[in-house]
Amino acid sequence: MRSAMRASEMNRFTRTHMTSPMFSPSMGTAPYFKVTVFEREHFQGKCIEFTSECCNIHNCGLDNIRSIRVESGAWVGFEHHDFQGQQFILERGEYPNWEAYSGSLSYHNEYFMSFRPIYCASHQNSRMMIFEKENFMGRSTELCDDYPSLRAMGWATSEVGSMHVQSGAFVCYEYPGYRGQQYIMECEKHSGDYQHWRNWGSHCQTPKVQSIRRIRH
């Protein structure tokens, strides 16, 4: 469903078609998701409001997304359509430009073509196991907090071979201090099992993970 109205000098559209339930039993109540995306930086130009996923922003009349305002819920954005490419965690707040959500990527890429809610995000109820090797082998440890440096908390290597998300959702970063490539890990995807680092996303080229934090909703 789409309706149009004028908002200052911008054309605003609202899309509310539901493709997934907004309820996770572990969360107790149904959260509400709302995000507004803009075609230009600093919340300028044409904008569209969403309460559910968008697999291709071109289908909504935008060429690209350059700024974002998340009013409620946690979302993940993608570099390409159909939820492919680089991942960008989006929590409640304002993102006036690419730098605000990119996680200090080593290369500059301003494409943002699809996004979806993270239905299972639960900041106070997030728990996961990380393993040294693929297929849940080798040394392991349980995480239930935010870790700006895995090495500082005793993880001996800069790599993680596999992960199991027991509840909630996490964002893993390539470098300490929540920087670099982002990988969104959810208990509802793959039943929470990420047996190989290549399961982390189509953009993943290395098992390097050096900081991890819970996703806020």
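Residues numbered from 1 in each chain as written. Predicted model: local features only at pLDDT ≥ 70, side-chain atom pairs only at ≥ 80, totals over all residues. Heavy atoms only, no water.

## Focus on the UniProt feature "domain: Beta/gamma crystallin 'Greek key'" (unreviewed entry) in the chain
Okay, so step 1: In the numbering used here, UniProt assigns the feature "domain: Beta/gamma crystallin 'Greek key'" (unreviewed entry) to residues 33-72, 73-119 and 126-167.
Okay, so step 2: Between the C-alpha atoms that bound residues 33-72 the distance is 5 Å, and the span itself is 0% helix and 50% strand. (UniProt positions renumbered as here; feature names shortened; annotations may be inferred. Helix = DSSP H or I, 4+ residues; strand = E, 2+ residues; numbered from the N terminus.)

## Observations regarding the sheet that holds strand S16 (residues 211-214)
Okay, so step 1: Spatially, 3 strands are ordered S14-S13-S16 in an open sheet, and the strand pairing comes out antiparallel. The sheet is open, and its two edges are formed by strand S14 (179-186) and S16, each paired on a single side. Taken pair by pair, the neighbouring strands of this sheet meet at an average axis angle of 25°, ignoring direction.
Okay, so step 2: Note that strand S13 (residues 169-175) and S14 share 6 bridges and pair antiparallel. Looking across to S14, one finds that tyrosine 173 is bridged to glutamine 182. (Pairing = 2+ DSSP bridges. Axes fitted to C-alpha atoms, helices over the stretch in contact; angles between N-to-C directions.)

## Description of the nonpolar core
Okay, so step 1: In this structure, Ile118, Met163 and Trp200 are the most contacted members of the largest nonpolar core, which totals 32 residues.
Okay, so step 2: Elements with a minimum of two residues in this core: strand S6 (75-80), strand S10 (127-133), strand S12 (162-167), S13 and S14.
Okay, so step 3: Per-element tally for this core: the top contributor is S13, with 5 residues.
Okay, so step 4: Setting aside residues up to four positions removed in sequence, tryptophan 200 forms contacts with Gln87, Val160, Met163, Tyr183, Met185, Tyr194, Thr206, Pro207 and Val209.
Okay, so step 5: Residues Val35, Val70, Tyr101 and Tyr119 belong to the second largest nonpolar core, which totals 22 residues. (Core = buried A, V, L, I, M, F, W, Y, C linked by side-chain atoms within 4.5 Å. Buried < 20%, exposed > 50% of the residue type's maximum accessible area, 1.4 Å probe, protein only. Contact = heavy atoms within 4.5 Å.)

## Quick notes on the environment of arginine 139
Okay, so step 1: Inspection of the secondary structure puts arginine 139 in strand S11 (residues 137-143).
Okay, so step 2: When its relative accessible area of 39% is taken as the criterion, arginine 139 is described as partly exposed.
Okay, so step 3: Taking the C-alpha atoms as reference points, arginine 139 and valine 160, 21 residues apart in sequence, are found 9.9 Å from one another.
Okay, so step 4: There is a polar contact of 2.8 Å between the side chain of arginine 139 and the backbone oxygen of glycine 154. (Polar contact = N/O pair within 3.5 Å; in protein donor to acceptor, adjacent residues only side chain to side chain.)

## Remarks on the pairing of S11
Okay, so step 1: Examined bridge by bridge, S10 and S11 share 5 bridges and lie antiparallel to one another. If you follow methionine 129 over to S11, its bridge partner there is glutamate 142.
Okay, so step 2: Taking the residues between adjacent antiparallel strands as the criterion, S10 and S11 are bridged by 3 residues, where asparagine 135 takes a positive phi near 60°.

## Digging into the pattern of salt bridges
Okay, so step 1: Scanning all chains against the criterion turns up 10 salt bridges.
Okay, so step 2: Note that arginine 116 and glutamate 186 form a salt bridge whose closest N and O atoms lie 2.7 Å from each other. Separated by 70 residues along the polypeptide, arginine 116 in strand S9 (residues 114-117) and glutamate 186 in strand S14 bring together distant segments of the chain. Neither arginine 116 nor glutamate 186 differs from the other in exposure class; each is buried.
Okay, so step 3: Put simply, aspartate 146 and arginine 214 hold a salt bridge, and the shortest N to O gap is 3.1 Å. Highlighted residues: aspartate 146 in the loop between S11 and S12 and arginine 214 in strand S16, separated in sequence by 68 residues. (Salt bridge = Lys/Arg side-chain N within 4 Å of Asp/Glu carboxyl O.)

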